[in-house]
Amino acid sequence: MLSFPCPMPLEVTRRIAVSVSSLLFLSITFDEQSSWKLWSGSVFDWAVVKHSSVPDLSFSGNESKPSVESRAAAKFHRVAVSMRSKSLKPALCQISKLLVCVFMIREGNSPDHHLSITYKQLLRSVSRCANALKLLGVKKGDRVAIYLPMIPELIYSMLACARIGAVHSVVFAGFSSESLCERITDAQCNILVTADGVYRGDKLINLKKIASEALERCRESQVHCVQKCVVVRHHAFITNHTSNKLQLKSGFAWNDRPIISIKGVVHTVSGYMLYTSLTFKHVFDYHHEDVYWCTADIGWITGHSYITYGPLSTGATSVLFEGVPVYPHEGRLWQIIEKYGVSKFYTAPTAVRLLMKYGTEPVQRYNLSSLRVLGSVGEPINPEAWHWFYDVVGQRRCPVIDTFWQTETGGHVLTPLPAATPLKPGSATFPFFGVQPAILNEHGEELEGEAEGYLVFRKPWPGIMRTVFGNKERFESTYFRKFPGFYMTGDGCRRDKDGYYWITGRIDDMLNVSGHLLSSAEVEAALSEHSAVAEAAVVSRPHALKGECLYCFITLKEHTEFTRALVDELKRKVREKIGPIATPDFIQNAPGLPKTRSGKIMRRVLRQIARNEKDLGDLSTLADPKVVEVLFSQRCQAAA
C-alpha cells in the first residue's frame, strides 16, 4: 500500500511541526492526569476550579471501587463559574475587533439566502435566547429538546442551555414524530424548541406538524415532560421575509412515567470542551485566517463537536449550510467553497461518492485554490473515493484527514495530522495524543503487531462519555462488560505492519459466511474499486448451506450499463481482492440507496429488501422513500 506524504506549503508544515512537538508529550508521559491538567490550563482560563483526585486512570474496577462512570468523569471534571478560551484573546480582546470577527457564515437552502454573524451578535442572540428560556422556567439541570434545521437558532439554543446550566438534547430534524417523541421522553425534557418548517432542496418539511404529532404521542403515553414549545418562524421568514423571532407556544403537562427506549449519551462541559477544542485545532491545523466548513448536521455528534463547540472554543469562522449537496445543481458544495474561500473542508464519504457520480466537470467549474485540508467523517472512506477527493477536489495538494471517532468518544480518537502523518487511503492512521488503542481477539487477549480483531481503548480521555442517561447499567454492560478493563468501541479493526489502524466496520455489520467473518466495509471497498461503481452497500441474506451469503447493492456511475458481464467482473474483483469465500451471491443494480437526510445508508432496509421482507416499519427518516420501491422492483430474480 502506497503512502502519501501530502505536500503542503512549507510555512504550514513548519507550523504543524511546532504543534506536533508541543503535543507529543501526551503520548509518552506516564502522568496523563498532569498532562491533561497542563493542557486545560493552556487552552482555557478557569475562574473557579475544583479538582477531583482519583488514584487510577483506567476503565477497570469492581464493586469495592468507584464505578466506571465516576472514575472516567472525575479524572477530567472541572467545575467552572467562568471559562474563557485563550485562543479567543488575540481576536476578541478589543471591542473594535469583536465587531468584525465573524463567527458563522450562514448559507441557506437557496444560494440567495446568506448571512454573516459576528461573535458579538452571537453573544447577544444567545443571551436573549437564554433569557427567554429562563422566563419559561428552564433552570440548571433541566432538559431541553431541540428539533431544528441547520439554522443559527439551533446553535443559539444549544449555547443558551449551556449558559443556564440546562442539558440540551438535539434531535436531528429528519426524524419522524415517533422518533422525536422517544427522545423527548427518554430525556424527560421540559421544553421543546422547533421551527415552523424548512426546505430541503425543493421539498418542504413541516417541522411544526411533526413536533405537534410528537407532543400528542407523549400526551397519549401520559408522560410528564414537555410544558412549553418554542417555535422559530423560519419558513415564514424565508418566504415572507418577516421578522425571524422565537414564538412562544403553550404545551402540555403529563404525569411522570419515564420511558427508556434509546441510548442518550451524556457528555460533561469541561472535559468535552477541552477535547473538542484540542482535536479541532490540531487535526484541522486551524488558524484565525482560515474559513472552516463541516457539512454534517448538528443533530449528530459531528455537528456538536465540530460545528458548535470545537470551532467556537477556538474562535473559528465557520460555514453553516442549510441545504443539500446537489440543490439547485450538482456543483453547490464547490460553489460555496469558492464563494467563501473555505480552507478546511470536512465531509462524509457518502457525500464524496454521491458527487463522484457527476464526474470532474462540476468541480472544475469552480476555483478551489483556497482549500488546504480535506476531512472525512462518518465511516471508513473507500480508497477510490479517497483518491477522487485527493486528486480532483484537493488537486493533489491537500491532505485527506480520515478521522475515526464515535458519539461516545466525543472527538477524534484515530486520525492523521495534516502534513505530519504519511497517509494511506482508507486508513485512520494513528491515535490522537493521549489515546491508547488496542486490538483484542474474541477471548479478550491483546494482539500485537499485524492483527485484526476488536478495537478497544485502555484508558479514558477528557472527551469520553460519562454514562447513558438514566441507564448506568446499560453503560457498563455495553462498553465494559465484554472486555473488563477496556472500553469496547463495537468496531472491528486491522493494524498493518507499519502500525496503521484500519476500521473494518461495526462488529454487528460483520457477515458470517460459512463460519468466516467478513467485513461489509471491506467487500464494499473492493466493489467500489471498479471503475463503473459509484457506491456499494453489502448486507447478509440467509443461505441454506452457508448460513449467510452476500447480497450487494451497487450504484453505477452515469452512462454506465448494468450487464451480466459487469456482474461477473465485480465478483471476480471481490474474489481477487479478499478471497473466494467473499464472492457475492447476488449483485443488484441500485439507482439509489435508502439514506437518511444526513446521508447515512439504512442497512436495515437493505437487509429486508435482500430477504424480500415487505414490512419495513417507519421510513419517515428516509430522504427519498421512493428508492425502496425501485429496489424491491429490481431485486435479483434468483433471490426471490
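Residues numbered from 1 in each chain as written. Predicted model: local features only at pLDDT ≥ 70, side-chain atom pairs only at ≥ 80, totals over all residues. Heavy atoms only, no water.

J.: Can you help me understand the environment of Trp386 in this one?
T.: Structurally, Trp386 is set in helix α17 (residues 383-393). Sequence separation between Trp386 and Lys424 is 38 residues; the distance between their C-alpha atoms is 9.4 Å. (Helix = DSSP H or I, 4+ residues; strand = E, 2+ residues; numbered from the N terminus.)

J.: I keep staring at the nonpolar core and nothing clicks. Help me out?
T.: What tends to happen in soluble globular proteins is that the nonpolar side chains get buried as a cluster. Counting residues in each nonpolar core, the largest one holds 108 residues, and the members touching the most others are Ile155, Ile184 and Leu192. At eight residues, helix α8 (residues 152-164) tops the list of elements feeding residues into this core. Here this core spans two domains, since at least three of its residues come from each of domain 1 (23-92) and domain 2 (116-239 + 257-263). Sequence-distant contacts of Ile184, that is, excluding residues within four places in its chain, are made with Ala145, Cys189, Leu192, Leu215, Cys218, Cys225 and Val226. (Core = buried A, V, L, I, M, F, W, Y, C linked by side-chain atoms within 4.5 Å. Buried < 20%, exposed > 50% of the residue type's maximum accessible area, 1.4 Å probe, protein only. Domains from an automatic or database assignment. Contact = heavy atoms within 4.5 Å.)

J.: So what exactly am I meant to see when it comes to the packing of aromatic side chains here?
T.: Describing an aromatic ring pair means giving the distance of the ring centres and the angle of the ring planes. According to the stated counting rule, one finds 31 aromatic pairs in the structure shown. Each residue in the set Phe280, Phe284, Tyr286, Tyr292, Tyr306, Tyr346 and Trp405 is aromatic and connected to the rest through ring pairs, giving one cluster. Its end group placed over the ring of Tyr500, Lys424 keeps NZ or CZ at 4.4 Å from the ring centre. (Phe/Tyr/Trp six-rings, centres within 6.5 Å; stacked < 30°, edge-to-face > 60°. Lys NZ or Arg CZ within 6 Å of the ring centre and 35° of its normal.)

J.: Teacher, can you tell me more about the pattern of salt bridges here?
T.: Side-chain pairs of opposite charge can arise whenever the charged atoms involved come near each other. The full count for this structure, using the stated rule, is 24 salt bridges. Its salt-bridge partner being Glu107, residue Arg332 comes within 2.9 Å of it at the nearest N-O pair. Placement of Arg332 in helix α14 (residues 332-340) and of Glu107 in strand β3 (residues 102-107) is noted, with a sequence separation of 225 residues between them. Of the two residues, Arg332 and Glu107, both sit in the buried class. The shortest N-O distance in the salt bridge between Lys595 and Glu535 comes to 2.9 Å. Of this pair, Lys595 sits in the loop between β28 (586-589) and α21 (603-610) while Glu535 is found in strand β26 (residues 533-543), placing the two residues 60 residues apart along the sequence. Summarising the burial analysis for this pair, Lys595 and Glu535 share the class buried. Residues participating in the shared-partner salt-bridge network are Arg353, Glu379, Glu535 and Lys595. (Salt bridge = Lys/Arg side-chain N within 4 Å of Asp/Glu carboxyl O.)

J.: Quick question: what am I supposed to make of the packing of helix α19 (residues 520-528) against helix α20 (residues 564-577) here?
T.: The geometry of a pair of packed helices is captured by two quantities: the angle between their axes and the separation between those axes. It is the contact of α19 with α20, at a shortest axis distance of 9 Å, that shows an interaxial angle of 125°. Relative to α20, the element α19 is oriented oblique. The chirality of how α19 crosses α20 is right-handed. Here Val523, Ala526 and Leu527 of α19 come into contact with α20, specifically with Leu570, Lys573, Val574 and Lys577. (Axes fitted to C-alpha atoms, helices over the stretch in contact; angles between N-to-C directions. Parallel < 35°, antiparallel > 145°, perpendicular 65-115°, else oblique. Left-handed = near helix turned anticlockwise from the far one by under 90°.)

J.: It is not clear to me how the sheet that holds strand β27 (residues 547-556) should be interpreted in this structure. Could you clarify?
T.: Pairing between sheet strands relies on hydrogen bonds along the backbone, with the strands arranged either parallel or antiparallel. Here three strands make up an open sheet; going across it, the order is β26-β27-β28 and the pairing mixed. Each having just a single partner strand, β26 and β28 make up the two edges of the open sheet. Averaged over all pairs of adjacent strands, the angle between strand axes in this sheet comes to 25°, irrespective of strand direction. As judged from the four bridges shared by β27 and β28, these two strands associate in the parallel manner. (Pairing = 2+ DSSP bridges.)

J.: Just to check I follow, could you spell out the environment of Arg353 for this structure?
T.: Here Arg353 shows up in helix α15 (residues 349-356). Once the C-alpha coordinates of Arg353 and Glu384 are considered, the two residues, 31 residues apart in sequence, prove to be 8.9 Å apart. With sequence-adjacent residues up to four places away left out, Arg353 is seen in contact with Glu379, Asn382, Ala385, Ala534 and Glu535.

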